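# Inside the fold
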Amino acid sequence: MKHKYLRIFLFSTLFYGLAMSVVYTRMHFASAPANAWIGVAIGLSSGVLFGAFMTWWLRRADRRVQEQNGGRMLPVRPRVRVDVPVDATSARQACVAALASLRKARIRKADDDVVEAITGLSWESFGEHVTARVEARDAQTARVVIESRPLFFLTLVDLGRNARNLDEVVDHLRETLGDAVRAGALEDTDARVSPDPA
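Reference entry: report on the structure contained in this document. Given the structure is predicted, the values throughout are model-derived calculations rather than measurements.

Our next topic: the overall build of the chain. Looking only at helices and strands, one finds four helices and seven strands in the chain. Ordered by position from the N terminus, the helices and strands of the chain form the series α-α-β-α-β-β-β-β-α-β-β. In terms of overall size, the chain is more extended than a compact globule, its C-alpha atoms giving a radius of gyration of 22 Å where 198 residues would be expected to give roughly 16 Å. Overall, the C-alpha framework of the chain stretches about 75 × 35 × 25 Å when taken along its three principal axes. Counting all 198 residues of the chain, 39% fall into the buried class. Counting only contacts in the chain whose residues sit at least 6 apart along the sequence, the fraction spanning at least 24 positions is 59%. Summing over all exposed atoms, the chain offers an accessible surface of approximately 11,400 Å²; the carbon and sulfur share of this is 58%. Between the mean site of the 27 positive side-chain charges and the mean site of the 23 negative ones, the chain shows a separation of 9 Å.

Written as structure tokens, this is what we have:
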């Protein structure tokens, strides 16, 4: 994502600075209305400090995740395409079991071709929305397109949590359906053009 760390700095500074401005303004405004500007100045200053700290910390954590993955930056909203050696009905049943095996997962929907799950709150995220779409290729094979994205729409850094969700789902499918399960490379659903392999 272009200018990701600038956006983190601006969001953190803005939200925290405005909240602290309101708090400090009410404290100083109650004692003397002429001193309300002190509350605004303290609030905005604390917002800048908080934004700088959050940007530094998240950039450092993001780089650590990148180093652990061989220098590869993991997408926050990844997708993977998986070919499975079973019919679409069996693939859907395997996807329900795979999504249910995720950390704190709750299945929300399990239709003919779509399985959706929500994961719970953790120190890495506010939860994720994981979707598996099953497409029949022929009578004996199916393709599963699995996506994982943060529940909180403003998430810019997830410390690799969504990519790990996809890895766990693919690993579970391999355990259930065998080594014939073939997974493609991780794609970034935030990218302008996403490849669609045949």
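Before going further, it helps to spend a moment on unusual backbone geometry. For Lys-104, which is not glycine, the phi torsion reads 50° and is therefore positive. Along the chain, the position of Lys-104 falls in the loop between α3 (88-100) and β2 (106-110). In this model, Leu-159 sits at a positive phi of 55°, which is unusual for a non-glycine residue. Looking at Leu-159, the relative accessible area reads 8%, which means it is buried.

Within the largest apolar cluster, 24 residues are counted, with the highest numbers of intra-cluster contacts made by Val-82, Val-84, Val-144, Ile-146 and Leu-173. When contributions to this core are tallied by element, the ones reaching two or more residues are β1 (78-84), α3, β3 (114-118), β4 (128-136), β5 (142-150) and α4 (161-177). Residues Ala-61, Val-65, Leu-156 and Leu-159 belong to the second largest nonpolar core, which totals 10 residues.

With that settled, consider the packing of aromatic side chains. A complete count under the given rule lists five aromatic pairs for this structure. On the numbers, 6.3 Å between centres and 25° between planes, the contact of Phe-11 with Phe-15 is stacked. Of this pair, Phe-11 and Phe-15 both sit in helix α1 (residues 4-31), four residues apart, roughly one helical turn. On the accessibility criterion, Phe-15 (48% relative accessible area) is partly exposed. Between Tyr-16 and Phe-50, the aromatic rings sit 4.2 Å apart at their centres with planes inclined by 20°, giving stacked as the arrangement. Of this pair, Tyr-16 sits in helix α1 while Phe-50 sits in helix α2 (residues 36-68); the two residues are 34 residues apart in sequence, bridging distant segments of the chain.

This part takes up the packing of α3 against α4. The N-to-C vectors of α3 and α4 enclose an angle of 130°; their axes lie 9 Å apart at closest approach. With respect to α4, the element α3 is oriented oblique. Relative to α4, the crossing made by α3 is right-handed. Taking contact as the criterion, the partners of Ala-94, Cys-95, Ala-97, Ala-98 and Leu-99 in α3 are, on α4, Val-169, His-172, Leu-173, Thr-176 and Leu-177. Residues that form the contact of α3 with α4 fall into these classes: eight nonpolar, two polar and no charged.

Moving on to the pattern of salt bridges. Following the criterion strictly, the structure yields nine salt bridges and no others. Measuring nitrogen to oxygen at the nearest pair gives 3.1 Å for the salt bridge that ties Asp-83 to Arg-137. Taken together, the residues Asp-83 in strand β1 and Arg-137 in the loop between β4 and β5 connect sequence positions 54 residues apart. Taking the relative accessible area as the measure of exposure, Asp-83 reaches 27% and is therefore partly exposed.

Turning our eyes to something else, we now look at the pairing of β1. Of all seven residues in β1, six are buried, a share of seventy percent or more. Where β1 lies against β5, six bridges are found, and the strand directions are antiparallel. Within β5, the residue paired with Val-82 across the bridge is Val-144.

Criteria and thresholds
- Residues numbered from 1 in each chain as written.
- Predicted model: local features only at pLDDT ≥ 70, side-chain atom pairs only at ≥ 80, totals over all residues.
- Heavy atoms only, no water.
- Helix = DSSP H or I, 4+ residues; strand = E, 2+ residues; numbered from the N terminus.
- Rg over C-alpha atoms; globule rule 2.2 N^0.38 Å.
- Buried < 20%, exposed > 50% of the residue type's maximum accessible area, 1.4 Å probe, protein only.
- Contact = heavy atoms within 4.5 Å.
- Areas by Shrake-Rupley, 256 points an atom, 1.4 Å probe, with all protein chains shown as cover.
- Lys, Arg positive; Asp, Glu negative; His and termini not counted.
- Charge placed at Lys NZ, Arg CZ, Asp CG, Glu CD.
- Core = buried A, V, L, I, M, F, W, Y, C linked by side-chain atoms within 4.5 Å.
- Phe/Tyr/Trp six-rings, centres within 6.5 Å; stacked < 30°, edge-to-face > 60°.
- Axes fitted to C-alpha atoms, helices over the stretch in contact; angles between N-to-C directions.
- Parallel < 35°, antiparallel > 145°, perpendicular 65-115°, else oblique.
- Left-handed = near helix turned anticlockwise from the far one by under 90°.
- Nonpolar A, V, L, I, M, F, W, Y, C, P; charged D, E, K, R; others polar.
- Salt bridge = Lys/Arg side-chain N within 4 Å of Asp/Glu carboxyl O.
- Pairing = 2+ DSSP bridges.

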